[in-house]
Structures are given as structure tokens and as C-alpha cells.
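# Notes for the structure review
Take a look at the letters that make up each chain.
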Amino acid sequence: MKLEVFEGKSKEEVKEKALAELNVSENEILFKESEEKKGKLFKTSTYIFKAVKITDVAVFIKEKLSEILVNMGIEAQIESNVRDEQINLKMYSDKNNILIGKNGQTLSAIQNILRQMVYNEIEVYPYILLDVENYKEKKIGHLERNAKRIAREVLKTKIEVKLDNMNSYERRIVHNALSKYKNIATFSEGEEPNRHIVISYKETEEEE
């Protein structure tokens, strides 16, 4: 995984330069932008753009996941792909219960370790979906169905509902699931690890 560094006089200039030289679109890379002030009397700004291809990050993550599984003494087949800027990895093993852990805690822990490994290299957290066969796919379906059921109740009663505490990934699923509901608003509140989503009724302009 090679981190490329580009410099320029403006954000637009340095980003265009990076995308051109890497021959990619913005949604095909992970990047970090920063600004440096140089000069004692007449300070000038230099914009720095650090980027790495998401496909290269996916290869890095798959290699690190293989190392983790070896250290756990687990043999597993790993499939990976990149879709909509998200790196998806699916494991197949005869020890799925161990990989998942109680309430998916082991699986979440491995996913967090992989994200931190990437961050340690490039200072950017990637979007990762780590799954064991179809465990998370089923969990996503359950979260979406539950969120929509509660949203329908809120539409009827106009009384807001606080959901159980969720991690950032689960909260994102709920926000996305309800994003097209015209009269529903969702927002997160609380401090980690006790952060949760509130589903509330939102009046439209026609109603006001």
C-alpha cells in the first residue's frame, strides 16, 4: 500500500494533480488534505494532498486479516471486493461462531483492528464491512426493518423514539435506511460507547 503525496498552491490544484497522476476519480481513493504555512515575514500556504488507491488498501487489509486469522489458529477463505468506496471482506470457515463471537463482538473487534492498522499507515480510516458468511447481511436487514417499523410508529404518533446504543457503523445503516422518509428526522446523541439514534417526526413545508 503506497501513500502518494502531492503539493500545490490551492486545494483544487493539488487535488486535480493527484487524480490526474494516479489516473483515478475521487471515489477511488482515500485521501487526507492539509495546509502548511511557510515563511517568516510573508507566509505562503502550501496544500498537501495524501492519497492511496482504495484497491491497494483492500489488498493490504486482506493480507493483515490473513495474518490475524493465522494468529488465532483459524483457517478461513477470504473474499474481498470494493463497492461504493467500501471495502467488503467475507470469511468462510468451520469456526464461524468463534469469528463472530457473542453478539458479533469478536467480528467487530477484528474490523476495528483492521481499520486502525490502515489509519496507522495513512492517517485515514477506511469504510470496511467485515462479514462471516452472511451474518452481517442478516443483521443489516434486521436493523433496517426495525428502523422502518419504528419510523412508521413515529409517523402515526409524532412522538420521538430513542433507539438502543449502537456503534457508528450500525447508526449509519439506520440513518441511510430512513433518509428518504419525508416526515422523519434522525440524529445521533450521547457519548461513545453510549451513543444512540433518535427518530423524530419532522413537519414538511406544506404542513407549516
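A brief structural summary. (Residues numbered from 1 in each chain as written. Predicted model: local features only at pLDDT ≥ 70, side-chain atom pairs only at ≥ 80, totals over all residues. Heavy atoms only, no water.)

## Some details on the overall build of the protein chain
We count it as follows: Under the DSSP-based scheme used, a helix requires at least four consecutive residues in state H or I and a strand at least two consecutive residues in state E, with every element numbered from the N terminus. For the radius of gyration, the atoms used are the C-alpha atoms, and the globule rule reads 2.2 Å times the number of residues raised to 0.38. Think of it in three bands: with a 1.4 Å probe and only protein chains considered, a residue is buried below 20% of the maximum accessible area for its type, exposed above 50%, and partly exposed in between. We call two residues in contact when some of their heavy atoms are within 4.5 Å. Every accessible area reported is derived by Shrake-Rupley at a probe size of 1.4 Å, with residue values counting cover from the shown protein chains alone. A residue counts as positive if it is Lys or Arg and as negative if it is Asp or Glu; His and the chain ends are not included. Where a charge lies is defined by one atom per residue type, namely NZ (Lys), CZ (Arg), CG (Asp) and CD (Glu).
Helix and strand counts for the protein chain come out as 6 helices and 9 strands. Taken over C-alpha atoms, the radius of gyration comes to 21 Å for the protein chain, far larger than the 17 Å a tight globule of 208 residues would show. Dimensions of the protein chain, computed from the C-alpha atoms along their principal axes, are close to 60 × 60 × 30 Å. Here the protein chain holds 208 residues, and the buried ones make up 36% of them. Pairs at least 24 residues apart make up 56% of the contacts formed inside the protein chain by residues separated by at least 6 positions. Total accessible area on the protein chain stands at roughly 13,200 Å², and carbon and sulfur atoms take up 46% of it. In the protein chain, which carries 35 positive and 37 negative side-chain charges, the distance between the mean positions of the two groups comes to 2 Å.

## Let's talk about the sheet that holds strand S7 (residues 161-165)
The following threshold applies: The criterion for strand pairing is that DSSP finds at least two bridges linking the strands in question. Between N-to-C directions, angles cover 0 to 180 degrees, with each direction set by a line fitted to C-alpha atoms, over the stretch in contact for helices.
Strand order across the open sheet formed by 3 strands is S7-S9-S8, with antiparallel pairing between neighbours. In the strand order of this sheet, the two ends are held by S7 and strand S8 (184-189), each with one partner. Ignoring strand direction, the axes of neighbouring strands in this sheet form an average angle of 20 degrees. Bridge count between S7 and strand S9 (residues 196-201): 3 bridges; the pairing is antiparallel.

## Examining unusual backbone geometry
Even without being a glycine, Glu85 presents a positive backbone phi close to 70 degrees. By secondary structure assignment, the location of Glu85 is in the loop between strand S4 (76-83) and strand S5 (86-93). Take Glu85: its relative accessible area is 39%, and that puts it in the partly exposed class. Residues other than glycine seldom take positive phi values, yet Lys158 does so here, at roughly 60 degrees. As for its position among the elements, Lys158 is in the loop between helix H5 (135-157) and S7.

## A short note on the pairing of S8
Judged from the 6 bridges that link them, S8 and S9 form a sheet pairing that is antiparallel. Note on S9: the bridge partner recorded for Glu189 is His196. The hairpin formed by S8 and S9 contains 6 residues between the paired strands, and Gly190 there has a positive phi angle of roughly 95 degrees.

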